[in-house]
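Notes for the structure review
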Number of protein chains: 2
Amino acid sequence: MIAGMEQDGEHPWERAWRERDPAFDGRFFIGVRTTGVYCRCVCPVRQPFRCKIEFLPSAAAAEAAGFRPCLRCRPETAHFCPAWKDSLATIERAVWLIVAEGALDGDGTVDALADRLGITSRHLHRLFIRHWGATPSAVARTARVQRAKRLLDMTGLPMSDIALRAGFGSLRRFNAVFSQVYRWPPSAMRRPRSVSPPHRPTSP
Amino acid sequence: MIAGMEQDGEHPWERAWRERDPAFDGRFFIGVRTTGVYCRCVCPVRQPFRCKIEFLPSAAAAEAAGFRPCLRCRPETAHFCPAWKDSLATIERAVWLIVAEGALDGDGTVDALADRLGITSRHLHRLFIRHWGATPSAVARTARVQRAKRLLDMTGLPMSDIALRAGFGSLRRFNAVFSQVYRWPPSAMRRPRSVSPPHRPTSP
DNA sequence: ATGCTCGCCGGAATCGGACCTCGTCCGGCC
DNA sequence: GGCCGGACGAGGTCCGATTCCGGCGAGCAT
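Described below are features of the structure shown in this document.

Taken together, 36 residues form the shell around DNA strand C, and within it His123 of chain A together with Thr35, Phe49, Thr135 and Ser137 of chain B come nearest. At the protein interface, 71% of the atoms of DNA strand C within 4 Å belong to sugar or phosphate. In this structure, a base nitrogen belonging to DNA strand C sits 3.1 Å away from a side-chain N or O atom of Arg72 of chain B. Here Met159 of chain B contributes a backbone N or O atom positioned 3.0 Å from a phosphate oxygen of DNA strand C. Those elements that provide at least two residues to the surface near DNA strand C are helix 5 (121–131) of chain A together with helix 4 (110–117), helix 5 (121–131), helix 6 (136–154), helix 8 (171–182) and helix 9 (186–194) of chain B. When grouped by side-chain class, the residues that make up the surface near DNA strand C number 15 nonpolar, 11 polar and 10 charged.

So, on to the protein's contact with DNA strand D. Among the 36 residues in the neighbourhood of DNA strand D, the closest are listed as Thr35, His125, Thr135 and Ser137 of chain A together with His123 of chain B. The side chain of Thr35 of chain A places a nitrogen or oxygen atom 2.3 Å from a phosphate oxygen of DNA strand D. Within the contact set of DNA strand D, a base oxygen lies 3.3 Å away from a side-chain nitrogen or oxygen of Arg172 of chain B. Residue composition of the surface near DNA strand D, by class: 12 nonpolar, 10 polar and 14 charged.

Here we take up helix 4 of chain B. Note that an α-helix has 3.6 residues per turn; residues three or four places apart therefore point the same way. Residues and elements named next belong to chain B. Listing the buried residues of helix 4 in full gives Leu113, Ala114 and Leu117. One face of helix 4 carries all of its buried residues, which in axial projection span an arc of 100°. Taken from the residues just after helix 4, Gly118 is the one with a positive phi, measuring 80°.

This part takes up the pairing of strand 3 (residues 53–56) of chain B. All names here are of chain B. The alternating pattern of strand 3 places Ile53 and Phe55 and Glu54 and Leu56 on opposite faces, both of which are buried. Here strand 1 (residues 29–32) runs beside strand 3; their pairing, made up of four bridges, is antiparallel. Directly across from Ile30, in strand 3, lies its bridge partner Phe55.

What follows covers the packing of aromatic side chains. All names here are of chain A. Tallied over the entire structure, the rule returns 16 aromatic pairs over all chains. Joined through ring pairs, the aromatic side chains of Trp13, Phe24, Phe28 and Phe55 make up one cluster. For Arg144, the ring lying beneath its charged end belongs to Phe168, and the centroid distance is 5.6 Å.

This part takes up the sheet that holds strand 2 (residues 37–39) of chain B. Ordered by their spatial adjacency, four strands build an open sheet running 3-1-2-4 (chain B), and the pairing between neighbours is mixed. Each edge of the open sheet carries a strand with a single partner, namely strand 3 and strand 4 (68–69) of chain B.

This part takes up the sheet that holds strand 2 (residues 37–39) of chain A. All names here are of chain A. Strands sit in the order 3-1-2-4 across an open sheet of four strands; the sheet is mixed. Among the strands making up the open sheet, the edge pair consists of strand 3 (53–56) and strand 4 (68–69). As paired elements, strand 2 and strand 4 share two bridges and run parallel to each other. In the strand pairing of strand 4, Val37 is matched with Arg68.

On to the pairing of strand 1 of chain B. Residues and elements named next belong to chain B. Alternating residues of strand 1 divide into Phe29 and Gly31 and Ile30 and Val32, and every residue in both groups is buried. Pairing geometry for strand 1 and strand 2, over three bridges, is antiparallel. Of the residues in strand 2, the one forming a bridge with Gly31 is Tyr38. Following strand 1, the chain reverses through four residues before pairing antiparallel with strand 2; Gly36 in that reversal takes a positive phi of roughly 75°.

As a further point, take the pattern of salt bridges. Taken as a whole and assessed by the stated rule, the structure comprises 21 salt bridges over all chains. Among the charged side chains, a salt-bridge network with shared partners connects Arg15, Glu19 and Asp21 of chain A.

Attention now moves to the nonpolar core. Residues and elements named next belong to chain B. Judged by nonpolar contacts, the single largest core of 17 residues is most densely connected at Ile91, Ile98, Leu113, Leu117, Leu124 and Phe128. Going through the elements one at a time, helix 3 (85–99), helix 4, helix 5 and helix 6 are the ones with two or more residues in this core. Considering every element that reaches this core, the biggest residue donor is helix 3, with six residues.

Parameters at a glance
- Residues numbered from 1 in each chain as written.
- Chains lettered and ligands numbered in written order.
- Predicted model: local features only at pLDDT ≥ 70, side-chain atom pairs only at ≥ 80, totals over all residues.
- Heavy atoms only, no water.
- Near = heavy atom within 4 Å.
- Polar contact = N/O pair within 3.5 Å; in protein donor to acceptor, adjacent residues only side chain to side chain.
- Helix = DSSP H or I, 4+ residues; strand = E, 2+ residues; numbered from the N terminus.
- Nonpolar A, V, L, I, M, F, W, Y, C, P; charged D, E, K, R; others polar.
- Buried < 20%, exposed > 50% of the residue type's maximum accessible area, 1.4 Å probe, protein only.
- Arc of directions from axis to C-beta.
- Pairing = 2+ DSSP bridges.
- Phe/Tyr/Trp six-rings, centres within 6.5 Å; stacked < 30°, edge-to-face > 60°.
- Lys NZ or Arg CZ within 6 Å of the ring centre and 35° of its normal.
- Salt bridge = Lys/Arg side-chain N within 4 Å of Asp/Glu carboxyl O.
- Core = buried A, V, L, I, M, F, W, Y, C linked by side-chain atoms within 4.5 Å.

Fair warning: the whole summary comes from geometry, so function is off the table for now.
Written as C-alpha cells, this is what we have:
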C-alpha cells in the first residue's frame, strides 16, 4: 500500500483502476487480498470490491507482498501494449506473413495461414476484427494494392507484370480492386509520370 | 439415402433428428452435403436445412458415402450415452477415484483431483453437476457415509475407528454427516444388531 | 472412567456466477 | 470454390458467498 494516499481526494490510480485505463497499464498493479492474485489495471476479469484490493507500484513489489501474477492479464511480463501479449504476438506475426511474405497471395488460404499460427481460421478472423478492424483477406488486399501502387509509381512495368508481382492472381482482379480503392483505373494513376517519359526502362 | 422413405408420411428419423431425440442416438446418422460432415442426431451444433442433409443407417455407411465424422458429437465412437464419450470418461474416472480410492478423503482436495484428470476444478465441478447431479465433495461425502454404514453393520469397531476407516478426518464430522443423512446418530443405527449379538466378531 | 454425541468457532475449501478464449459447424455471400 | 460472421458449446480464470472442516469442551449414557 502506498503511504499517504488517503488524504486530499482520490489517487489517480483509483480512477485508472475503475475505468481499466490503458494509459496506466504497467504503471501500477492491483493486489487482491481474497485470492492472492495481482493484476494489471486493464485485466478483463470482473473487478473485486474496492475494500479487498491494494495498490502496488511494481510487479516486484506485488511478488514481494506474496501475490502471484494473474493468469489472464500476465502482469509479470515486461512489455505493455493495448492488449494481451499472446493475442498481439499471434496477430502481429499473421500481419507480417500477409504483408511481407504474401501468405494470402496466389493459392495461400486463410486456413493455411491459421494452421501456421496454430489456431483455427475462425479465431484468426476474430483476432483480426478485434485488433486490426479488418479481415485477413482485406489486409492482404490492401497490401497488394500498396505493392501495386509502388510498382506503378517507381517502374515502367506493364500492367500484367505489376498485377502478378503485387500478388494479384489475375489482371482482371488487379484492375477491379485498384479501381475500387483509388476510384481510378491503374493506368490513370501512372499518367502524370508517363506524360513525358525520358525513355522506356524495360526491354521492348 | 434410404430408399422408399418419401411416401406414406414421415419417417421416424425425421422427427428424431428435429428434436435431437437421445433415444435414437446411434440408430442412424445425418450427413450434411454442404460440409461433408456426418453427425449423430443429438449433435449440439445448429442444424442444417432439411434439404441439405441425408439419413444414413450407420457410421460405416456415412464414411463410405464420403462424409467425415463431426468433431463435436463424435459419431465414429462405438458407445452411445446421454452425453459425450470424452466428458463421460473423465467424470467416470473421477467418480472411481473418489469412491474407490478415496481421492477426496484426508487431505485430498478437489483441485488435486482435477489436476490428476487434466482439467480445472471449476470444470470438474461443472461436469459433476451436469452428469451426476451433485458436486464432487457431495459424492465423496456420500461414499464415506456408505463405507461407514457398512462398517457399522458388519463390524463391532468403536466409532472413532469407523470414522477414520470410512475416510472421515475427524469423529466430529462423522457424527454430524451421518446424523444428517440418516436422521439418527451412528450408535442408533447399530442398536438393533447389538441387542442380541451372537458374538463380537473382532478381538476384545 | 470410558465412550458417544453435539454446540460453538475460526480458518480453509467449496460452490456457483460472470466473463473470457477458442473450437466447430452452419448459411450466406462473392 | 473460399471468405465471412452467427450460433453455440467446452473449458479456463477470477471472484464473493457459502459451506465444510476439525479441534475444543460440555453433557450424557454405560
